[in-house]
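One letter stands for each residue in the lines below.
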Amino acid sequence: MAGGLSLYAEGESLLHRAHPLTKGALTVSAVALAFILPSWTWVLGLAFLLLALIVAAGVLRRLAAVAVVILGPITLLLLAVQGFANPANHTVAFALGPVVYYREGLAVAALAALRIGCLVGATFLFSFTTKPADITEALLQRGLSPRMGYVLLSALQIIPQTLEMATRIQDAQRARGLETEGSLLRRARAYMPLMLPLVLSSLVATEERAMALEVRGFGLAVARVSRIDFKDGLFQRTLRWGLLLLVPVAIVLRLARRW
Amino acid sequence: MSGPALLFEHASYAYQGAALESLSDIELSVAEGEWIGVTGPTNAGKSTLCLLGMGLAPHFFGGRLKGRVTVFGRDSLAVGVVERSAEVGMLFQNPFTQVSGARDRVDEEVAFGPECHGIGRMEVAERVAEALALVGLEGLAARHPSDLSGGQLQRLALAGLLAMRPRLLLLDEPTSQLDPAGTAAIFDVLASLHGRGVTIVMVEHRLERLSENCRRVIAMVSGRLLADGPPEEVFNRLSVIERVGEPVYTGLARDAGLPQPWPVTLAGAVVAFGTRRA
């Protein structure tokens, strides 16, 4: 069944079945490399690699929808700011009367947008192919305390859960006649009647959930039995360490000015 | 049998920072295997009674406890809530805040408690299957908890407690947010558990339901016990009816001018009104 309040998208791809920590290492490594790699060609290569993984995981359409919403405004802003105002600008790309757009700025903006695209692609690829509970379980198996594990899981799920609660409150307030759409002023007026119950119900829910967890023995000092057997062979372990090692190697190479 | 499941000895309790006591001088003994109903108006102390039985008061809430609360012979002050959770379970009103939020499937959610107790995987699977069957959710094992209705979610919360195999269940208005079908399902599960010897203390406002299922009812007002006895006796006292309310059949009989004892259940009402017609 699809993942309820998380971003997880059900699937059977190799990436879906990979160990959560391997996918975590891939994400960390890809995000870091996107900003460490020095040139167009390298970052473009990383972007194509990520795209291939996204296609293989079967989440291209879902990710494209998110990417357009996030990357669209950022890219437009970068193109405008860099193309018009980058201090290194000197080669004119085009001019509309007194307004001049420069090639150097365009190149900087495009590279920055590509780097951010890699970041978005890598993090959402991870979110779409990994259940939050699996990440926590994998970390618990590596010695993370159950309390910290729960905090991590809550942090991973807080946005979708809060959005769901906000939608419920919004529907309830609308049913009582509160107008939540229309002009900016009208939306601003609706803000307090929505926010106050959201904050209060979040606080109450937190206390009730804390009690419910204690009643079920959460935090009891006993030896924990692993819930899931993740497949984690030599290949995955080697891949994980290899991916993580790429980051310091790339940093050293850049510092050594080889790139 | 080894003494009462739950024992209050002159127990009084005030929440932290509260000037007034929420419970005052409670004397109550619940035997193992009993199913007692607790009723009363707002601020009667019903929820506090359950919280004290579970140990959440004072362990979670702080506050002052005078007298003594004992669960299966052990003083509530000496045993923490998480330790007590192996033999006592508590179900709250709101089904939405009782799921852990840490599991993606109904069966995994039920397994959460036993896993916290370090129970082995084979036994956890056995307990989960048993608990889901008891509450009638076995067909929804693969669903995400957030996809369930309020009634199903409350049954899931109950299954989560049953997987711990508690000897005592404290239920604080578990049907208050449920529709009639959801309420009926919860009472069916409880009747089955009672048949297996589980001790149940249930706060409930559906008095005819309580009267049909519980052989003992306690009525509370302002933190004190007002009445304690079989429902036929408790709801035939005007002093109780005026302050706590009455089962719908009792009210009908009174309105119809029937003499006491007034009926408290449907079966009793059929007999009472049948006798009158004859």
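All of these numbers come straight from a predicted model, not from anything done at the bench. (Residues numbered from 1 in each chain as written. Chains lettered and ligands numbered in written order. Predicted model: local features only at pLDDT ≥ 70, side-chain atom pairs only at ≥ 80, totals over all residues.)

Points about the overall build of chain A
Link 1 in the chain: Secondary structure assignment for chain A yields nine helices and two strands.
Link 2 in the chain: Compactness check: chain A gives a C-alpha radius of gyration of 23 Å against a globular reference of 18 Å for 259 residues, more than 25% above the reference.
Link 3 in the chain: Considered along the principal axes of its C-alpha atoms, chain A spans approximately 70 × 60 × 30 Å.
Link 4 in the chain: Within chain A, buried positions represent 26% of all 259 residues.
Link 5 in the chain: Contacts in chain A between residues at least 24 apart in sequence constitute 72% of all its contacts with a sequence separation of at least 6. (Helix = DSSP H or I, 4+ residues; strand = E, 2+ residues; numbered from the N terminus. Rg over C-alpha atoms; globule rule 2.2 N^0.38 Å. Buried ≥ 20, exposed ≤ 12 C-beta atoms within 10 Å, placed from the backbone. Contact = placed C-beta atoms within 7 Å.)

Some thoughts on the packing of helix α2 (residues 20–36) of chain A against helix α5 (residues 103–129) of chain A
Residues and elements named next belong to chain A.
Link 1 in the chain: Two numbers describe how α2 lies on α5: the axes approach to 8 Å, and their chain directions differ by 175°. Classified by the angle their axes make, α2 and α5 are roughly antiparallel. Where α2 approaches α5, its residues Lys23, Gly24, Thr27, Ala30, Val31, Ala34 and Phe35 are matched on the opposing element by Arg115, Cys118, Leu119, Ala122, Thr123, Phe126 and Thr129.
Link 2 in the chain: Grouping the constituent residues of the contact of α2 with α5 by class yields eight nonpolar, four polar and two charged. (Axes fitted to C-alpha atoms, helices over the stretch in contact; angles between N-to-C directions. Parallel < 35°, antiparallel > 145°, perpendicular 65-115°, else oblique. Nonpolar A, V, L, I, M, F, W, Y, C, P; charged D, E, K, R; others polar.)

Comments concerning the confidence of the model for chain B
Fine structural detail should not be taken from predicted coordinates in areas where pLDDT scores are low.
All names here are of chain B.
Link 1 in the chain: Per-chain confidence: chain B averages 93 in pLDDT, with 99% of residues scoring 70 or above.
Link 2 in the chain: Confidence scores differ between elements of chain B, with helix α12 (residues 266–277) showing the lowest mean pLDDT of 88 and strand β9 (residues 216–221) the highest of 98.
Link 3 in the chain: Overall fold confidence for the complex sits at a pTM of 0.78, while the interface term, ipTM, reaches 0.85. (pLDDT = per-residue confidence, 0-100.)

Side note on the interface of chain A and chain B
Link 1 in the chain: Across the boundary between the two partners, chain A contributes 28 residues, which contact 36 residues of chain B.
Link 2 in the chain: Looking at which element gives the most residues to the side of chain A that touches chain B, the answer is helix α8 (residues 184–215) of chain A, with eight residues.
Link 3 in the chain: Among the residues forming the side of chain A that touches chain B, the class breakdown is 15 nonpolar, six polar and seven charged.

Concerning the sheet that holds strand β8 (residues 199–203) of chain B
All names here are of chain B.
Link 1 in the chain: As summarised here, the arrangement of the six strands in space is β6-β7-β8-β3-β9-β10, forming an open sheet in which the pairing is mixed. Only two strands of the sheet have a single partner each, and these edge strands are β6 (88–91) and β10 (224–229). With direction set aside, neighbouring strand axes in the sheet form an average angle of 15°.
Link 2 in the chain: Bridge count for strand β3 (residues 35–39) against β9 is four bridges, and the pairing is parallel. If you follow Ile36 over to β9, its bridge partner there is Arg216. (Pairing = 2+ DSSP bridges.)

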